[in-house]
Amino acid sequence: MVSDIISTVEFNYSGELLATGDKGGRVVIFQHEQESKNRPHLRGEYNVYSTFQSHEPEFDYLKSLEIEEKINKIRWLQQQNAAHFLLSTNDKTIKLWKISERDKRAEGYNLKDEDGRLRDPFRITSLRVPVLMPMDLMVEASPRRIFANAHTYHINSISVNSDHETYLSADDLRINLWHLEITDRSFNIVDIKPANMEELTEVITAAECHPHQCNVFVYSSSKGTIRLCDMRAGALCDRHSKFFEEPEDPSSRSFFSEIISSISDVKFSHSGRYMMTRDYLSVKVWDLNMENRPVETYQVHEYLRSKLCSLYENDCIFDKFECCWNGSDSAIMTGSYNNFFRMFDRNTRRDITLEASRESSKPRATLKPRKVSTGGKRKKDEISVDSLDFNKKILHTAWHPKDNVIAVAATNNLYIFQDKIN
Amino acid sequence: MKPIVNDTVVSPEKVEEAKLKARYPGLGAKPGGSDLLRKRLQKGPKYFDSGDYNMAKAKMKNKSLPLAPVEKTEITGGHIPTPQDLPQRKTVLASKLAG
């Protein structure tokens, strides 16, 4: 079903919960079960914890356009009490959801029966104190805040600030700063809309708050550039503090250069010293102190460079892949086509291609590395570029914040892979 | 004497570009230009109005249901209609003047 296509995947801060959002506006949260004492060599599994409908389709009457219910991003808040909070957003509206557990229920009310019917007050002859009794665990999701009507264009990113009070939301042309408690206004901090739309040359593709410095955020563009802004410099951060761009070789410029340089995702490292960007063919790691070029570049699927014409015709060249760091920032992961995803070890410079599909992996089996053959001769077990299924895209992946557990969304299936405990 | 080697190697991107230009000769020179971006800013089909949108959604929901059979009697065009041919009015609206 089209509405089951997973559109975002995100672990919470402890890694205990994993949230997915889909095209039908639903959020499904998985919880890590405790390791069983009988089989300590296996990590616990992730089981469904809560499911709820976050967004519904709406109609924009002014523009006569449908507002899709598809969840573009989910971001968790840091846990401060027993309940869990997350932000989920579609193209136009951001919602703060509270997910809480209920495992007790009051019994012995004076004025009503156990099934809720009101008792006849004249028949009540004595008073009793209701008692809290255990009940089957119930997980409830309730919308606590709705942040609406602040984006003319489509929201592509939300990011919770390290101050735990504010968050930013970015659309194609603007970035707004919100306070988690206040829904009726937000501050516009970046506006790149030109006075004349004919002069539009680039759009905002992703934005993120710095993990430790609550005054710093970055945003990426469709032209392959990243701007770092400091909110202490001014109320409107139209002027960047740092501008990251890799110089281009003018002789290799082609019709496709700008399109494939468009950054589809930007993520700070956990340390806050680096950031990673994903463009169509590669992943780049940038040192925040060096603006003129990335410090590391990893080729995801370079063999697609000679297929750009057909990828432009079938629109695949506009696919937006995400990328993620592992907990120690020593490895990075991103998706590709044919349900392949790639992992790069930054220290050993080793990379691996794995496949997320039912056919290629039985539960508890070890994943076999995959290889795409680029030359004429195709070795056994290799797959040729022309046999790749471009409808099987892995756009969304997530890495557990501490352990070697990864979540990979393959269209409407979610795969969770774990490292073997020796 | 060393042979003169032509050093220019055509990059795979340029080969692909030539392929694209051959298929679409009218393609503009600026690919990242405002046309492409503006198409990106407005995604999704445009509807005439909310009625059009709701009809389209209803059609999607009822795709499995067969269409209602069309009235067989021709009211117009084929013959001059008589009062018996016309569909009955379901409600009689009382005139305010009559009250």
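Everything below is about the structure printed above this text.
Residues numbered from 1 in each chain as written. Chains lettered and ligands numbered in written order. Predicted model: local features only at pLDDT ≥ 70, side-chain atom pairs only at ≥ 80, totals over all residues. Heavy atoms only, no water.

Quick word on the environment of Gly327(A)
All names here are of chain A. Our working definition: Here a helix means four or more residues in a row that DSSP labels H or I, a strand means two or more in a row labelled E, and each is numbered from the N terminus. A contact between two residues is defined here by any heavy atoms of the two lying within 4.5 Å.
As for its placement among the helices and strands, Gly327 is situated in the loop between strand 23 (323-325) and strand 24 (331-335). C-alpha of Gly327 to C-alpha of Asp403: the two residues are 76 residues apart in sequence and 7.1 Å apart in space. Apart from the residues lying within four places of it in its own chain, the contact partners of Gly327 are His270, His400 and Pro401.

Description of the pattern of salt bridges
A side chain with one charge may pair with a side chain of the opposite charge, provided their charged atoms come close. Residues and elements named next belong to chain A. Applied cut-off: When a carboxyl oxygen of Asp or Glu lies within 4 Å of a side-chain nitrogen of Lys or Arg, that pair is called a salt bridge. Only protein chains enter the calculation, and the probe is 1.4 Å; a residue is then buried if its accessible area is under 20% of its type maximum, exposed if over 50%, and partly exposed in between.
Enumeration over the complete set of coordinates arrives at 33 salt bridges over all chains. For Arg253, the salt bridge goes to Glu248, with nearest N and O atoms at 3.0 Å. Overall, Arg253 belongs to the partly exposed group, its relative accessible area being 36%. Asp381 is the salt-bridge partner of Lys368, the closest N and O atoms lying 3.7 Å from each other. Of this pair, Lys368 sits in the loop between strand 26 (351-355) and strand 27 (372-373) while Asp381 is found in the loop between strand 27 and strand 28 (383-384), placing the two residues 13 residues apart along the sequence. A residue is classified by how much of its surface remains accessible, and Lys368, at 44% relative accessible area, is partly exposed.

What to know about the nonpolar core
Residue and element names in this part refer to chain A. Where we set the bar: Nonpolar cores are built from buried Ala, Val, Leu, Ile, Met, Phe, Trp, Tyr and Cys residues. Side-chain atoms within 4.5 Å join them into one set.
Counting residues in hydrophobic clusters, the biggest one holds 23 residues, and the most contacted among them are Tyr280, Leu304, Leu311, Ile317 and Leu388. Within the residue set of this core, elements represented by two or more residues are helix 1 (257-261) and helix 2 (308-313). The element contributing the most residues to this core is helix 2, with four residues. Not counting chain neighbours up to four residues away, the residues in contact with Leu311 comprise Tyr280, Leu304, Cys316, Ile317 and Phe390. With 15 residues, the next largest nonpolar core counts Met333, Ala356, Ile394 and Val408 among its residues.

Quick look at helix 1 (residues 12-23) of chain B
Formally: How far a helix is expected to stretch is found by multiplying one less than its residue total by 1.5 Å. Working note: the arc is built from the helix axis to C-beta atom directions.
A rise of 1.5 Å per residue sets the reference length of helix 1 of chain B, with its twelve residues, at 16 Å; its end C-alpha atoms lie 17 Å apart and thus fit the reference within 8%. By the burial criterion, the buried members of helix 1 of chain B are Glu13(B), Glu16(B), Glu17(B) and Leu20(B). Viewed along the axis of helix 1 of chain B, the buried residues span an arc of 105 degrees, placing them on a single side of the element. Buried residues along helix 1 of chain B sit against helix 1 and helix 2 of chain A.

Some details on the side chain of Thr353(A)
All names here are of chain A. Let me state the cut-off plainly: Here a polar contact is recorded for every N or O atom pair within 3.5 Å, except that within protein the pair must consist of a potential hydrogen donor and a potential acceptor, and residues adjacent in sequence are included only if both atoms are side-chain atoms.
Within the fold, Thr353 resides in strand 26. Here the side chain of Thr353 touches Arg342 through a polar contact of 2.9 Å, side chain to side chain. Residues contacting Thr353, with those up to four places away along its chain left out, are Phe340, Phe341, Arg342, Lys368, Pro369 and Arg370.

A closer look at the sheet that holds strand 15 (residues 204-209) of chain A
Residue and element names in this part refer to chain A. The condition that has to hold: Think of it this way: DSSP has to see at least two bridges between two strands before they count as a pair. Fitted lines through C-alpha atoms give the axes, limited to the stretch in contact for helices. The angle between two N-to-C directions lies from 0 to 180 degrees.
Taken in spatial order, the four strands line up as 15-16-17-18 in an open sheet, and their pairing is antiparallel. The open sheet has two free edges, formed respectively by strand 15 and strand 18 (242-244), since each of these has just one partner strand. Recorded for the sheet is a direction-independent mean angle of 20 degrees between the axes of neighbouring strands.

Overview of the interface of chain A and chain B
Spelled out, the test is: Buried area adds together the accessible area that both of two parts lose upon being put together, with accessible area traced by a 1.4 Å probe. We call Asp, Glu, Lys and Arg charged. Ala, Val, Leu, Ile, Met, Phe, Trp, Tyr, Cys and Pro are nonpolar, and the rest, Gly among them, are polar.
In this assembly, 43 residues from chain A lie in contact with 31 residues from chain B. Contact between chain A and chain B buries roughly 3200 Å² in total, counting both sides, with carbon and sulfur atoms accounting for 59%. On the chain A side of the interface with chain B, the three residues burying the most area are Phe59(A), Phe255(A) and Cys309(A), jointly 19% of the side's total. Across the chain A-chain B interface, the total number found is two salt bridges. When contributions to the side of chain A that touches chain B are tallied by element, the ones reaching two or more residues are strand 5 (58-60), strand 6 (65-67), helix 1 and helix 2 of chain A. Per-class residue counts for the side of chain A that touches chain B are 17 nonpolar, twelve polar and 14 charged.

A closer look at the pairing of strand 29 (residues 396-399) of chain A
Residues and elements named next belong to chain A. Residues His396 and Ala398 point to one face of strand 29 and Thr397 and Trp399 to the other, with burial holding for every one of them. Two elements, strand 29 and strand 30 (residues 405-410), share four bridges in a ladder whose sense is antiparallel. Note that in strand 30 the partner of Ala398 across the bridge is Ala407. Hairpin connection, strand 29 to strand 30: the antiparallel pair is bridged by five residues.

Brief notes about the packing of aromatic side chains
Residue and element names in this part refer to chain A. Heads up, the rule is: A pair of Phe, Tyr and Trp rings is counted when the ring centres sit within 6.5 Å of each other, with Trp represented by its six-membered ring. The angle between the planes then sorts it: under 30 degrees is stacked, over 60 is edge-to-face, the rest tilted.
A full pass over the atoms with the stated rule returns 20 aromatic pairs over all chains. Considering the side-chain rings of Phe147 and Trp178, the 5.1 Å spacing of their centres and the 70 degrees angle between planes classify their relative orientation as edge-to-face. Placement of the pair is Phe147 in strand 10 (residues 131-147) and Trp178 in strand 13 (residues 174-179), with a sequence separation of 31 residues. The two residues Phe147 and Trp178 agree in class, both being buried. Seen from their ring centres, Phe244 and Trp286 are 5.9 Å apart, and the 80 degrees between their planes marks the pair as edge-to-face. With a gap of 42 residues between them, Phe244 in strand 18 and Trp286 in strand 21 (residues 282-287) connect regions that are remote in the sequence. Residue Trp286 is classed as buried on the basis of its relative accessible area of 1%.

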